[in-house]
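# Structure assessment
Chain by chain, the residues run as shown.
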Amino acid sequence: MALKGFPTLSQVMKLGSRATTQSLRKLGIQVLPHPAYCPDLAPCDFWLFPILMDRLAGRKFDRILDLAKAVNSELRTIPEEDYHGRFRKWQIRLKRCIKSHGNYFKGL
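So, here's what we can say about the structure. This one's a predicted model, so the numbers in the text were calculated from it and none came from an experiment.

## Some details on the overall build of the chain
Each helix and strand in the chain was counted, giving 5 helices and 0 strands. Secondary structure elements of the chain occur, N-terminal to C-terminal, as α-α-α-α-α. At a minimum sequence separation of 6, the contacts of the chain that also span at least 24 residues come to 29%. Accessible area for the chain stands at about 9200 Å²; split by element, carbon and sulfur atoms hold 60% of it.

## With respect to the packing of helix 3 (residues 43–56) against helix 4 (residues 64–77)
Packed helices, taken two at a time, are described by the angle their axes make and the gap between the axes. Viewed as axis vectors pointing N to C, helix 3 and helix 4 meet at an angle of 115°, and their least axial separation amounts to 10 Å. Considered as vectors, helix 3 and helix 4 are oriented roughly perpendicular to each other. Crossing hand, helix 3 versus helix 4: right-handed. Contact with helix 3, carried on its side by Leu 48, Leu 52, Arg 55 and Leu 56, involves Leu 67, Ala 70, Val 71, Glu 74, Leu 75 and Thr 77 of helix 4 and no other residues of that element. By residue class, the composition of the contact of helix 3 with helix 4 is 7 nonpolar, 1 polar and 2 charged.

## A closer look at the environment of Leu 67
With respect to the helices and strands, Leu 67 occurs in helix 4. The sequence separation of Leu 67 and Leu 56 amounts to 11 residues, and the corresponding C-alpha distance is 9.2 Å.

## Points about the pattern of salt bridges
Counted by the stated rule, this structure contains 3 salt bridges. In this structure, Glu 74 and Arg 55 form a salt bridge, with 3.4 Å as the shortest nitrogen-oxygen distance. Of the two residues, Glu 74 is situated in helix 4 and Arg 55 in helix 3; the sequence distance between them amounts to 19 residues. Classification of Glu 74 as buried rests on a relative accessible area of 16%. Notably, a salt bridge pairs Arg 88 with Glu 81, separated by 2.5 Å at the nearest N-O pair. For Arg 88, a relative accessible area of 43% puts it in the partly exposed group.

Criteria and thresholds
Residues numbered from 1 in each chain as written. Predicted model: local features only at pLDDT ≥ 70, side-chain atom pairs only at ≥ 80, totals over all residues. Heavy atoms only, no water. Helix = DSSP H or I, 4+ residues; strand = E, 2+ residues; numbered from the N terminus. Contact = heavy atoms within 4.5 Å. Areas by Shrake-Rupley, 256 points an atom, 1.4 Å probe, with all protein chains shown as cover. Axes fitted to C-alpha atoms, helices over the stretch in contact; angles between N-to-C directions. Parallel < 35°, antiparallel > 145°, perpendicular 65-115°, else oblique. Left-handed = near helix turned anticlockwise from the far one by under 90°. Nonpolar A, V, L, I, M, F, W, Y, C, P; charged D, E, K, R; others polar. Salt bridge = Lys/Arg side-chain N within 4 Å of Asp/Glu carboxyl O. Buried < 20%, exposed > 50% of the residue type's maximum accessible area, 1.4 Å probe, protein only.

The following block contains the structure:
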């Protein structure tokens, strides 16, 4: 069910990023500046998703709910300190990206 006055997901997906930004501003939604998407800076892409893919590899799920339960179960087995450690490394990675002005760098 769509909220009155807001575009549906399918409408938003048809728009480019510039058009999406303009549409959001017209709706009074503040759009914060951010760098272009980079998987090297997305913690889920460089840390969490590979762990989940490895742990769930080869398993078949007949329902989305079954997949969601399996993912939640796996997420609970990751020690809290691992999340904290990855968050700290992510912060370092972001700072290195800023320092290099977005240019490629090795490490982390």
